[in-house]
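Chain by chain, the residues:
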Amino acid sequence: MAVGDDIGPVWDERGDVFEALLWGVVFLFTFVLFIIEFGNGVIEPEEEGLFPIATIVDFKQTMFLSALIGGGLFVALIVWAVFRYSSGVRDRAARMAPGQGRFMLTMFVLAVLVIMSTTVFTGAATLAQTDEASPADAAEQLGASQQIHMEVTASQWFWRFDVEGIPSTQGERVVLPANTLVVFETTSADVIHSFAIKELGITKDAVPGQTNQAWFMVNHVEGETSVQAGGESLPADRYEVHCAELCGKGHSKMLASVYVVGQEDYHTWAEAQGGEAALESTGVGGGEHSEEEEGGHDEGGDGGMDMDEDGEMDMGSEGDDH
Amino acid sequence: MSTETAGEHGHDEEHGHHGPTGWRYWLYTTDHKVIGIIYLWHAIFAFALGGLAALIFRTDLAVAPELEYLSLLGYNSLVSIHALTMIFFVIIPLQGAFFNYMLPLFLGADEMAWPRMNALGAWGITAGLTVLYTPMVGNFLGYTGVPTAAGWFQYPPLNTMMNSVGQDAGILGVAILAISSTGSAANFFVTILNERDPEMGWMDLPPFVWFTVFTNVLALYSIPWALDALGMVWLERNLAMSFFTARAGGDPLLYQWIWWTFGHPEVYVLVLPGMGIAAEVISRFSERPIYGYKPLIASTAIVSVASMGVWAHHMYATGLAASRYAFMVFSMAIFLGFGVYIYSMVATMWKGRLHLTTPMLFSISVVVGLLYSGMDGAFFGQPATDLQFHSTYFVVGHFHFTIVTVGLFGLLAGVYYWYPRMTGRMYNTKLAKFHAFTTIVGMFGLFFMMAMLGDGTAPGSDGVMMMRRYATYVYAPQLQLGHIITTVFAYVAAIGQLAFFVNLLWSLRAGEEVTDPWDDLFSGQNMPSPEWDGLPYKPPTAIAVSEATDGGEEAVPDGGAETDDEVDVQGGER
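The following paragraphs examine the structure supplied in this document.

Reading the values: rules and limits
Residues numbered from 1 in each chain as written. Chains lettered and ligands numbered in written order. Predicted model: local features only at pLDDT ≥ 70, side-chain atom pairs only at ≥ 80, totals over all residues. Heavy atoms only, no water. Helix = DSSP H or I, 4+ residues; strand = E, 2+ residues; numbered from the N terminus. Buried < 20%, exposed > 50% of the residue type's maximum accessible area, 1.4 Å probe, protein only. Contact = heavy atoms within 4.5 Å. Phe/Tyr/Trp six-rings, centres within 6.5 Å; stacked < 30°, edge-to-face > 60°. Lys NZ or Arg CZ within 6 Å of the ring centre and 35° of its normal. Axes fitted to C-alpha atoms, helices over the stretch in contact; angles between N-to-C directions. Left-handed = near helix turned anticlockwise from the far one by under 90°. Nonpolar A, V, L, I, M, F, W, Y, C, P; charged D, E, K, R; others polar. Expected span 1.5 Å × (residues − 1). Buried area = accessible area lost by both parts, 1.4 Å probe. Salt bridge = Lys/Arg side-chain N within 4 Å of Asp/Glu carboxyl O. Polar contact = N/O pair within 3.5 Å; in protein donor to acceptor, adjacent residues only side chain to side chain. Disulfide = S-S within 2.5 Å. Pairing = 2+ DSSP bridges. Bend = angle between axes of the 7 residues up to and from the residue. Parallel < 35°, antiparallel > 145°, perpendicular 65-115°, else oblique.

1. Topic: the environment of B:W260
Residues and elements named next belong to chain B. Relative to the assigned elements, W260 resides in helix α9 (residues 252-285). W260 sits in the buried class, given a relative accessible area of 3%. Here W260 is in contact with W152, F153, Y155, P265, W311, H314 and M315, once residues within four sequence places are set aside.

Here it is in structure tokens:
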């Protein structure tokens, strides 16, 4: 480019305009990718009845949305600058006055601070309701009246699940009840593994010499698949278990399945295994053993079929009072 | 390579020195320029090696859900080698090339503070790279097991349990590089402190020098932690000490605390030089002084300090409890720093006159890449969302955006900006733009696809997330379509890198001889840069530039000619 072309005609002999357009399109490509990447997060369907993921999803979608708006705006500005302010289509740069745009910069910093602190507070609240919540807190917040304990032991390269009440250790597949808070403890026999059910929003490292506790809860069974128990076929949902920490050769094949069946079906299944369904009351809401209690039924409304029946009975008795 | 050898040598002879010739010239040198070129070629060579490793396993991922060509351990090994090469032997040497070559020019110094330590740093790269790759050669020949295969952060007890010479070699290779780059980081920092031209105040420093300061302070702080962690693993492996084995009283998590104390500042060591070069280039190629110089420096300082306090966000799933709240706050604070950088870059470009040369294209990509990596990264700063995305391809996409589209793209901008200064020859600009085109489209597409695979939105994935470091994806064969698209983007990028290597090597002999290829572009802007124009140097402030060009967009068209005259006077001063 020759010296002193600054005040020349816009079209110059080297086809600079075409070049500016080409590179504008290249950066437009990054902008479109940006919109798709973060836009997909926004329109992700809600994970109803699966915890803790359902609690996380709202927060996650909000973050995707603010990334889409805030980040997308800036990528759009960059694309625009490449189209509009390229040397091919512009003969000179605008002067930058001393102290110019100081107000804008201040506003920008303030906006970032506001978004940051909002994210911090919402994120803290979400964390407090999910991974940071003790099983007791989780039971209360989800209205789970029953819980079951499970021990997860990882070794190279398989999982071992010991569910309370079931005499046999379960490997590749473990059956658990719905509408029940599953409280689990992870540990490892050799190297560091990580117990992950991404569909439920769970990742918990299994560290040798240490146990980590977490929980999850599935509130409905779609019946996509089934579990066989003593000749009976029980409708179940399947959730994939991954190892989420590189643990050596077999890392990518260290898989397992969690099958969730309805509470009634779980009793059937447990008996077929020669054990019993060791569901404990969490002391929250009404359980099977707290039918005499009065207040708790409505809160525990999502606790299972028994609960629904209780609810109807209550409504009936209220009708009698009138 | 002989071309610049002759040039440098001739220069020496003018001063009456009779230095060694041939290979001795390279081996014995303590000249910062020659050492910078040694760094450069090391980085380019390692870049080809690391890229090839990535292409091999990426291809295998696309071919079938099960591995076709590699063994499971071989896959892990290639992934580890790719990461270690790219992080320690590409980005760090490539930035070292510019620190070495450019710092004395920027500062008006005749040499680095400690030239011999500088030479040691250069040959440390050779030693480290050799040690890292020897087991790979050994493995091909059938003498040794696979090279290091525990990932780049190689957590024990996995690392201590792997019975292979490659594992020790991986530790030692990185340790050698860590030792040499600790020395070099001290050297760079002290050079800026002590060798600066007396006329040059702290607030006169070009942004690249400021980013170099922060980079090397962070390197000095963080790299010893890596040596601690790796040293302890080495002792445990070879001298049966027990730091990390639970059943012998050790704590497996101890390693993670030490490693990530290194690991997070290290990421900023990788990206800050690239960002500094991008700031330099965007300002000059937009014909505008950097917008908000002081806020930019302040925000980089914030980022550097904050980066030392966020390491545990790599460990949210390890069983950490309430301390996660604190690490979340620190992690979020980083947005402020990088936000100001992005704002400053966009404001610099805004209403400027952008010369879309290759360095400028890469520099603009740095800003876009920083946006991507920041927005993706927010999900890992937040423990709640981190636990969903932890160890999926979303992480892989995130850190590739960070390290490649920010760190590496900035350094590539530097290569294209300073290659003529370093070699005295101009590269082929058409080939360079082809490289920029394929790299920007290929790399952004590649990492975008990784992110999509990771959050379960890739085409055909049906909501299933691709897990990180999985040699196979037998659990979800429908992910293959996503992997094929990813691999296609990888090949687009690879073709571009081929053009890059060819261009650099070919131009070394056949490129047009130039002293300052950007001279025409920048004449009359009163925006000098010391490495091209020499000292004395006054930073291009808004006042200085408006005095020189007097007007800009607001000026009446008739005033244009006068502006030009004035410009020539300014240009003559140089």
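2. Brief notes about unusual backbone geometry
Residue and element names in this part refer to chain A. Look at the link from Q156 to W157: it is a cis peptide, with omega at -10 degrees. Structurally, the position occupied by W157 is in the loop between β2 (146-155) and β3 (158-163). One non-glycine residue, N179, lies in positive phi territory at about 55 degrees. One can find N179 in the loop between β4 (173-177) and β5 (181-188).

3. Some details on the packing of aromatic side chains
Residues and elements named next belong to chain B. Considering all chains together, one arrives at 68 aromatic pairs over all chains under this definition. Ring plane angle 10 degrees and centroid distance 5.8 Å describe the contact between Y255 and W259, whose orientation is recorded as stacked. Placement of both Y255 and W259 in helix α9 is noted, with a separation of 4 residues, approximately one turn of the helix. Accessibility classification places Y255 together with W259 in one group, the buried group. The ring of W202 is capped by R196, whose NZ or CZ atom sits 4.4 Å from the centre of that ring. Taking NZ or CZ as reference, R469 lies 4.3 Å from the ring centre of F153, over its face.

4. Regarding the packing of helix α3 (residues 32-63) of chain B against helix α14 (residues 393-423) of chain B
Residue and element names in this part refer to chain B. Relative to each other, α3 and α14 sit at 145 degrees, their axes nearing to 13 Å. Seen along the crossing, α3 lies across α14 with a hand that is left-handed. Only Y393, L408, V415, R421 and M422 of α14 make contact with α3, whose side of the interface consists of K33, G36, I37, L40, F47, R58 and L61. For the contact of α3 with α14, the per-class residue count stands at 8 nonpolar, 1 polar and 3 charged.

5. A few points about helix α11 (residues 323-349) of chain B
Residue and element names in this part refer to chain B. The first and last C-alpha atoms of α11 sit 41 Å apart over 27 residues, in line with the 39 Å expected at 1.5 Å per residue. Counting buried positions over the 27 residues of α11 gives 20, a clear majority of the element. The first or second residue beyond α11 is K351, which carries a positive phi of 60 degrees.

6. Brief notes about the interface of chain A and chain B
Frequently, the measure chosen for interface size is the accessible area removed from exposure when the parts meet. Contact with chain A, which involves 96 residues of that partner, is made by 113 residues of chain B. For the pair chain A and chain B, the summed buried surface comes to about 9100 Å²; carbon and sulfur atoms form 69% of the total. Applying the counting rule to chain A against chain B returns 4 salt bridges. As a salt-bridge pair, B:K433 and A:E19 come within 2.9 Å of each other at their nearest N and O atoms. Inspection of the chain A/chain B interface yields 30 residue pairs in polar contact (both at pLDDT 80 or more). Among the secondary structure elements, those contributing two or more residues to the side of chain A that touches chain B are α1 (16-42), α2 (53-84), α3 (102-129), β7 (202-206) and β10 (232-243) of chain A. A per-class count over the side of chain A that touches chain B returns 55 nonpolar, 22 polar and 19 charged.

7. Digging into the state of the cysteines
All names here are of chain A. Counted by the stated rule, this structure contains 0 disulfides over all chains. You can see C243 has no disulfide; the closest cysteine sulfur is in C247, sitting 3.8 Å from it. Residue C243 is classed as buried on the basis of its relative accessible area of 0%.

8. Quick look at the pairing of strand β6 (residues 193-197) of chain A
Residues and elements named next belong to chain A. Among the 5 residues of β6, 5 are classified as buried, and the element is accordingly described as predominantly covered. Both β6 and β7 contribute to a ladder of 5 bridges, which runs antiparallel. Looking across to β7, one finds that S194 is bridged to D205. The turn joining β6 and β7, which pair antiparallel and follow one another in sequence, is formed by 4 residues; a positive phi near 75 degrees is taken by G201.

9. Comments concerning α14(B)
Residues and elements named next belong to chain B. Helix geometry: α14 is bent most strongly at Y417, by close to 45 degrees, with proline P420 lying one to four residues after it. Here α14 lies mainly inside the structure; 29 of its 31 residues are buried. The positive-phi residue at the C-terminal boundary of α14 is G424, with phi of around 75 degrees.

10. Side note on the pattern of salt bridges
Following the criterion strictly, the structure yields 11 salt bridges over all chains and no others. Between A:D131 and A:K204 there is a salt bridge, with its nearest N and O atoms 2.9 Å apart. Remark: A:K204 occurs in strand β7 and A:D131 occurs in the loop between α3 and α4 (135-142); sequence separation between them is 73 residues. Assigned by exposure class, A:D131 and A:K204 land together as buried. A:R160 is paired through a salt bridge with A:D162; the nearest N and O atoms lie 3.5 Å apart. A network of salt bridges, in which partner residues are shared, links A:D131, A:E132, A:K204 and B:R324.

11. Observations concerning the packing of α14(B) against helix α16 (residues 480-510) of chain B
A packed helix pair is summarised by two numbers, namely the angle formed by the two axes and the spacing between the axes. Residue and element names in this part refer to chain B. One can describe the packing of α14 onto α16 by two numbers: an axis separation of 13 Å at closest approach and a directional angle of 15 degrees. Considering their axes alone, α14 and α16 lie roughly parallel with respect to each other. Of the two possible hands of crossing, α14 and α16 adopt the one that is left-handed. On α16, the residues touching Y393, L412, V415, Y416, Y419 and T423 of α14 are H483, F500, N503, L504, S507 and L508. When the residues that make up the contact of α14 with α16 are grouped by side-chain class, the tally is 8 nonpolar, 4 polar and no charged.

The values are spatial; any link to function lies outside them.
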